[in-house]
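Analysis of the macromolecular model
Each chain, written out:
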Amino acid sequence: MVEAQTWTTRRMSNPRLDSPAAADHQVLDIPSTPTGDVRNSIYSVGSHLSPNLLTALIIASWFMSNIGVLLLNKYLLSFYGYRYPIFLTMLHMISCASYSYVAINFLEIVPRQHILSRKQFFKIFALSAIFCFSVVCGNTSLRYIPVSFNQAIGATTPFFTAVFAFLITCKKESPGVYCALLPVVSGIVLASNSEPLFNLFGFLVCIGSTAGRALKSVVQGILLTSEAEKLHSMNLLLYMAPMAAMILLPFTLYIEGNVASITLEKARTDPFIVYLLVGNATVAYLVNLTNFLVTKHTSALTLQVLGNAKAAIAAFVSVMIFRNPVTVMGMGGFGVTIMGVVLYSEAKKRSKFTTH
C-alpha cells in the first residue's frame, strides 16, 4: 500500500491545523487532530511512561513503519521478484480493514462512526477508487525506480494539490505560495535529468501516484464537508480499505492472472514469502496507526515536518541497503525539492494567518 503516503489536513476541532499537504507514500491523508471526546476515549497505552518518552517512542515507530513499508515494497517487487503490485496493494487493504476493525471495535482506539446514508457511501467509494489508483501506481513505480527517486517525486505533492484545488474548486493561493512551488518542480527536474536508474514508465506511474494522492485530498475536502458526514481518519480507513480491496480484486485477476494460486505455490517452496507478505501488510497498517498517534500526541504540522525528514531518511537508507547509484546533481535536486516543500508550508501558514 502505501500511500505515505503529503497530504491535506481536514479541520475538525482545531482550526490551526488547516495546513498544506506533505509528502508521503502510501497512506491516507494526514489524520485530523481528534476532538476532546475522542482524546478521552483513547486507551491509555504507555500511560506509565513520561509524556516526552512516549511521544519519542511514537515518532520512532512512525519513522520505522513509514520507511519499513517502502523498503519492504521495494524488496518484494524489485529484488525478491514478486511482481504483483496490484495483488500486494489488495493485501494491504485487507490488512488495514482487519486491523482497523479490531482497533476500533475491540481496542476502542476511537469511537465507532457509521455511514449514515447511501450518498455518503458513494462518496467514500469514490475516494476509495482514487486511493486505489494512487497506491497501486506508487507500488508499481517501486519495480522500476529506486526508493530515493520515488521519494523525490512524492515530495511534489503540494504542487499537484495546488493545481487540483485551482482546477476543481477555483481556489487561488497567494503569490508567495505559487513562488514556493517553483523549487518543488525545478528540483524534481534536476533529479530526473541526473537519475542513473531513470525509467520513463516508473517515473510516469510515480507521478500518477503523487497526483492521485493530491486529488484524493482535494476531493475528500469537497465530498465530506458537512459535520454529519465527516469521519475520523481511523473510521474512514475502516470503510475505505474493504471498498478498495473489492475494487482491486477484478483488476488483479485480469491483469496479474491467477496470482493467488501462484503465491500459494511459491509459499510451498519458499515459506519466507508468507512472512514477507504478512509483515508487509501489517506494517502498511501501522503506517496509518502511527500517523494518527503522532497527530494525537503532537500536531498535524509536526507530522508534515516529519514527512519531509522521512523522505530524506528513506532515500538515504535505501541507498545504503540497495546500493543504487546516486549523483551529486540528483541529491541536489532532491534537496531543492525538499526546500521548496518547506518554503511552501511556510508560505501557506503566512497566507492563512493574513487571511484570518
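Just so it is clear, the structure is predicted and the values come from calculations on it, not from any experiment.

**Considerations on the overall build of the protein chain**
- In terms of regular secondary structure, the protein chain is built from 13 helices and two strands.
- Counting across all 356 residues of the protein chain, residues that qualify as buried make up 56%.

**Details of the nonpolar core**
- By size, the foremost hydrophobic cluster in this structure holds 61 residues, and its most contacted members are Leu76, Tyr82, Ile124, Met234, Leu248, Ile273 and Tyr285.
- Those elements that place two or more of their residues in this core are α2 (51-79), α3 (85-105), α4 (118-141), α9 (233-255), α10 (259-269), α11 (272-297) and α12 (300-322).
- Per-element tally for this core: the top contributor is α9, with twelve residues.
- Beyond its immediate stretch of four places on either side in the chain, Leu248 contacts Ile86, Thr89, Met90, Met93, Cys132 and Val136.

**Examining the packing of helix α6 (residues 157-169) against helix α8 (residues 200-223)**
- At a closest axis distance of 8 Å, the pairing of α6 and α8 adopts a crossing angle of 45°. As summarised for this structure, α6 and α8 are arranged oblique, according to the angle between their axes. Classified by chirality, the crossing of α8 by α6 is right-handed. For the pair formed by α6 and α8, the contact residues are Thr157, Phe160, Thr161, Phe164, Ala165, Ile168 and Thr169 on the first element and Ile207, Thr210, Ala211, Arg213, Ala214, Leu215, Val218 and Ile222 on the second.
- For the contact of α6 with α8, the class distribution of residues is ten nonpolar, four polar and one charged.

**Observations regarding the pattern of salt bridges**
- Applying the stated rule across the entire model yields five salt bridges.
- A salt bridge links Lys349 to Glu346; its shortest N-O distance comes to 3.1 Å. Placement of both Lys349 and Glu346 in helix α13 (residues 328-355) is noted, with a separation of three residues, approximately one turn of the helix.
- The exposure class assigned to Lys349 is partly exposed, which follows from its relative accessible area of 34%.
- Salt bridges sharing common partners tie together Lys171, Glu173 and Lys348.

**Here's the deal with the packing of α11 against α12**
- One can describe the packing of α11 onto α12 by two numbers: an axis separation of 7 Å at closest approach and a directional angle of 125°. Relative to α12, the element α11 is oriented oblique. Residues Asn291, Val294 and Thr295 of α11 form the contact with α12, whose participating residues are Ala300, Leu303 and Leu306.
- A class-by-class count of the residues in the contact of α11 with α12 yields four nonpolar, two polar and no charged.

**Quick look at the environment of Ala315**
- Mapped onto the fold, Ala315 is located in helix α12.
- Between the alpha carbons of Ala315 and Gln151 there is a distance of 6.7 Å; along the sequence they are 164 residues apart.
- In this structure, Ala315 is in contact with Ser148 and Phe334, ignoring residues within four places of it in sequence.

**Focus: the confidence of the model for the protein chain**
- Averaged over all residues, the pLDDT of the protein chain equals 85, while 85% of them reach at least 70.
- Contacts from residues 1-31, a stretch scored under 50 in pLDDT, to residues over four places away or in other chains number 152 contacts.
- Low pLDDT, under 50, characterises residues 38-46; the predicted model gives this stretch 18 contacts beyond four residues in sequence or across chains.

**So, the packing of aromatic side chains**
- All chains considered together, the criterion is met by 13 aromatic pairs.
- Ring centres 5.1 Å apart and planes at 85° place the aromatic pair Trp62 and Phe63 in the edge-to-face group. Both residues of the pair, Trp62 and Phe63, count as buried.
- A centroid spacing of 5.4 Å and a plane angle of 80° characterise the contact between Phe121 and Phe122, whose relative ring orientation is edge-to-face.
- The class of Phe121 is partly exposed, set by a relative accessible area of 33%.

**Thoughts on the environment of Ala267**
- Take Ala267: it is sitting in helix α10.
- With sequence-adjacent residues up to four places away left out, Ala267 is seen in contact with Ile273 and Val274.

**Structural notes on the side chain of Ser192**
- Examined against the element boundaries, Ser192 turns out to sit in helix α7 (residues 175-193).
- The class for Ser192 is buried, based on a relative accessible area of 13%.
- Not counting chain neighbours up to four residues away, the residues in contact with Ser192 comprise Phe149, Phe198 and Phe203.

Calculation criteria
Residues numbered from 1 in each chain as written. Predicted model: local features only at pLDDT ≥ 70, side-chain atom pairs only at ≥ 80, totals over all residues. Heavy atoms only, no water. Helix = DSSP H or I, 4+ residues; strand = E, 2+ residues; numbered from the N terminus. Buried < 20%, exposed > 50% of the residue type's maximum accessible area, 1.4 Å probe, protein only. Core = buried A, V, L, I, M, F, W, Y, C linked by side-chain atoms within 4.5 Å. Contact = heavy atoms within 4.5 Å. Axes fitted to C-alpha atoms, helices over the stretch in contact; angles between N-to-C directions. Parallel < 35°, antiparallel > 145°, perpendicular 65-115°, else oblique. Left-handed = near helix turned anticlockwise from the far one by under 90°. Nonpolar A, V, L, I, M, F, W, Y, C, P; charged D, E, K, R; others polar. Salt bridge = Lys/Arg side-chain N within 4 Å of Asp/Glu carboxyl O. pLDDT = per-residue confidence, 0-100. Phe/Tyr/Trp six-rings, centres within 6.5 Å; stacked < 30°, edge-to-face > 60°.

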